[in-house]
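# Overview (structure and organization)
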Amino acid sequence: MITSSVTLLLAGAAYVAYDLVTFRQAMARDLLTLAEIIGTNSTAALAFDDPKAGAVTLASLRAEQHIVSACLYAKTQTLFAAYHRGQTRSDGPADGECRGSGPDHLAVSRPILFDGEVIGTISIESDLQAFYSRLTRYASIGVVVMLASSAVGWLLSIQLQRVISGPMLHLVTTARTVSDRMDYSVRAVKHTEDEVGLLIDSFNEMLTQIEKRDAALTALSHNLDELYRLSTAMQEPLSLGEHLARVLEAARHVVTVDRFYIWAVAPGGDRLSALAGAGFSASEWKDFEGTEIPLREAGAMYKAYQEGVPLVFNETNPLPPELRLRPPYSTLSAIRTTRFIVIPLIARGRPVGVFTADNKRSRQPILSHTVELLQIFASHAAVAIENARLFREIDDKSRQLETASKHKSQFLANMSHELRTPLNAILGYTELVLDAIYGNVPEKIRGVMERVQTSGRHLLGLINDVLDLSKIEAGQLTLVLNDYSLDEIVKAVFTTAEPLAAEKKLAIKVSLAPGLPRGRGDDRRITQVLLNLVGNAIKFTDAGEIAIEARASESTFFVSVSDMGPGIAEAEQQRIFEEFQQADSSSTRKKGGTGLGLTIARRIVELHGGHLWVKSSPGKGSTFWFTLPIRVDSTVGAA
């Protein structure tokens, strides 16, 4: 009876509490809605600074008897207008602040917006008379219900105590015993065949099911622990043999099988090689270790490998004669058995070997759930074998690529040197001819010689780019650090590039921040970077101007080159910094070049500890930025 009374009391209290909370929340929502309406009606008064109009608006709250006070505050949080219950005039001065929420009052505030801007705040305060009246009514009803229910419960408990309470207390005692001891073999004793007896039967059946489930969960937990440890171990940088040994060790802890052995397909793809085993005697392992069997002569193992499904051979499903091993492999005592399981090792959708297990010594049958568990371990072994194969391939390819890269870099360096020597001679003799060292040069021949000189210098620039690239790849590009003036570098680049821009009727604007500090770095390489960026800007701009800007911030130089060219799509903005790449890489592109300039420029900037990037969009030109530390004391990284 006490339980029923307490339950009823708690249920009633919960309902009352919920209703009162909901009622108070409803009151708060109503006050917020009222505040929003009054705030909207007060917008004009606040906007035109008319306190009287605001007071008149607040006076409309007289119709709401539960409203104690309301205040309008200007944007500066000063009192603009106020209303208090019992106030007879609505045009008086604003006085008497709103008190805010208390134990017997409920207050809300919200901002007043006009054109998206807060122009004031409204605060409304209400009494809780309705709330307390509702609470008193609920309390009275609760007392009456409790008295009536207690009387009825007392009468019923007298009649039912002998029939229900005794068996139920016994059931509770049994449940407590099971809980305290964690012993699910305990059972409750049934004395009657009525509903209580049926309940006790159901309780005992539940304990039986829990006992079975607990045993299964304990085994599953043990298996999961082993699998987790195995998964963790597979992440360690171990050899293939060590990984497979851990797989087999974990399998022996989880399943009851006498022996395990793992076969992997040899590199030639035509043989199975014995890689690992567990549960073998010393003599058996001596026969098994290092054994290789041609795939087509591997019997049941070849069938499982081909079909990609597990095969189980036992008393009910004996090994067919055509799947047995033939001499000389059938003479190996280690694998001479007709009761075993074969699971294909599949990784990335392709078979890489087989996982076999048997109970040759115990002759116990291999259960179906054992096959499922062994498939999990087989998948781990397959991953280990495939990863080992991939690592070998990656290692071989890496060595091949490293050798090819060295040969390419050496070839580029040799060819660049071999080409530069005669080309410098050609340019030297051309310059001597144009300087009339060998006599006057007719105009017709002079024009041809000037074209030869221009083309030769262009070719020399390309060869220098290739030579720089080969140095970068060989890690031989180093910086010659000395003090330099960024002003002088920019002016030198301007002087060099201005004739090229003038040929295309382009203007070059230079903006240098006053008082640029002297820097330390490789001034020749920095000039090369800036000249490359300005040259590209001239090349890709057909009309307009080129802008060069340089400034310093704290310990960093910021340099930019802007053009009015076609712009670069976002998808191309990283690719143009790769070797032999341009924004237009088609065979019909209008602009020449090898696509090495930006690659070399970015690497030179990075050697200084800086960064080179581009901001561009199609049709709006491009701006290339690079930063340099003002003082570079050592080369950053290796080229």
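Residues numbered from 1 in each chain as written. Predicted model: local features only at pLDDT ≥ 70, side-chain atom pairs only at ≥ 80, totals over all residues. Heavy atoms only, no water.

### Points about the nonpolar core
In terms of nonpolar packing, the biggest core is built from 41 residues, with L486, L530, L533, V534, I538, F624 and F626 touching the most fellow members. Among the secondary structure elements, those contributing two or more residues to this core are α11 (486-503), α12 (523-540), β14 (545-553), β15 (556-562), α13 (597-607), β16 (611-616) and β17 (622-629). With 7 residues, the single largest contributor to this core is α12. Apart from residues lying up to four places away in sequence, I538 is in contact with A497, L500, A501, K504, L506, I508 and I546. In this structure, L244, A251, V255 and A384 belong to the second largest nonpolar core, which totals 30 residues. (Core = buried A, V, L, I, M, F, W, Y, C linked by side-chain atoms within 4.5 Å. Buried < 20%, exposed > 50% of the residue type's maximum accessible area, 1.4 Å probe, protein only. Helix = DSSP H or I, 4+ residues; strand = E, 2+ residues; numbered from the N terminus. Contact = heavy atoms within 4.5 Å.)

### With respect to the sheet that holds strand β7 (residues 292-294)
With antiparallel pairing, 6 strands are arranged side by side in an open sheet as β7-β6-β5-β10-β9-β8. The open sheet has two free edges, formed respectively by β7 and β8 (311-313), since each of these has just one partner strand. Between one strand axis and the next, the sheet turns through 25 degrees on average, direction left out of account. Across 3 bridges, the pairing between β8 and strand β9 (residues 340-347) is antiparallel. Within the sheet, the bridge partner assigned to F313 lies in β9 and is F340. (Pairing = 2+ DSSP bridges. Axes fitted to C-alpha atoms, helices over the stretch in contact; angles between N-to-C directions.)

### Side note on a nonpolar patch on the surface
Judged by side-chain polarity, Y429, L432, I437 and Y438 come together as a nonpolar surface patch covering roughly 460 Å² of accessible area. Tracing the chain through its elements places I437 in the loop between α9 (368-434) and α10 (443-474). Its relative accessible area of 54% is what places I437 among the exposed residues. (Patch = residues over 30% accessible without salt bridge, like charges linked within 9 Å, V, L, I, M, F, W, Y side chains within 5 Å. Areas by Shrake-Rupley, 256 points an atom, 1.4 Å probe, with all protein chains shown as cover. Salt bridge = Lys/Arg side-chain N within 4 Å of Asp/Glu carboxyl O.)

### Focus: the environment of L34
Among the secondary structure elements, L34 is positioned in helix α1 (residues 2-41). Looking at L34, the relative accessible area reads 18%, which means it is buried. Considered as a pair, L34 and V108 are 74 residues apart in the sequence and their alpha carbons are 9.9 Å apart. Every residue in contact with L34, bar those within four places of it in the chain, is listed here: L61, E64, I67 and I124.

### Comments concerning the sheet that holds β15
The strands that make up a sheet pair up through hydrogen bonds in the backbone, lying either parallel or antiparallel. As summarised here, the arrangement of the 5 strands in space is β12-β14-β15-β17-β16, forming an open sheet in which the pairing is mixed. With partners counted over all chains shown, the strands left at the sheet margins are β12 (507-512) and β16, one partner each. On average, each strand axis in the sheet is inclined to that of its neighbour by 15 degrees, with strand direction left out of account. Where β16 and β17 come together, 6 bridges link them in antiparallel fashion. Pairing of W613 across the sheet is with W625, part of β17. On the sheet, α13 packs against β16 and β17 and is oriented at approximately 130 degrees with respect to β16.

### Focus on α13
Across the 11 residues of α13, 10 count as buried, placing the element largely inside the fold. The complete set of buried residues in α13 reads G597, L598, T599, I600, A601, R602, R603, I604, V605 and L607. Looking one or two places after α13, you find G609, whose phi comes out positive at around 90 degrees.

### Some details on the packing of aromatic side chains
A full pass over the atoms with the stated rule returns 5 aromatic pairs. Consider the rings of Y484 and F557, whose centres lie 6.3 Å apart with planes at 50 degrees: the pair is tilted. Remark: F557 occurs in strand β15 and Y484 occurs in strand β11 (residues 482-484); sequence separation between them is 73 residues. On the accessibility criterion, Y484 (3% relative accessible area) is buried. With a relative accessible area of 1%, F557 lands in the buried category. Ring geometry for W613 and W625: centres 6.4 Å apart, planes at 10 degrees, overall stacked. Note that W613 is positioned in strand β16 and W625 in strand β17, a separation of 12 residues in sequence. What makes W613 partly exposed here is its relative accessible area of 23%. (Phe/Tyr/Trp six-rings, centres within 6.5 Å; stacked < 30°, edge-to-face > 60°.)

### Quick word on the pairing of β14
For β12 and β14, the ladder comprises 6 bridges, and the chain directions are parallel. Across the sheet, residue V510 finds its bridge partner in β14, namely I548. Relative to β15, β14 is paired through 7 bridges, and the arrangement is antiparallel. Bridged to A547 within β15 is S562.

### Section: the layout of surface pockets
Estimates place the volume of the second largest pocket at around 350 Å³. Mapped onto the lining of the second largest pocket, the elements with two or more residues apiece are β5 (259-265), β6 (271-278), β10 (350-358) and α9. With 6 residues, the single largest contributor to the lining of the second largest pocket is α9. Counted by class, the lining of the second largest pocket contains 11 nonpolar, 2 polar and 6 charged residues. (1 Å grid on protein atoms, 1.4 Å probe; cavity = no way out; pocket = protein on both sides within 12 Å on 5 of 7 lines; lining within 4 Å. Points joined across faces, edges and corners; volume = space filled by probe spheres on them. Nonpolar A, V, L, I, M, F, W, Y, C, P; charged D, E, K, R; others polar.)

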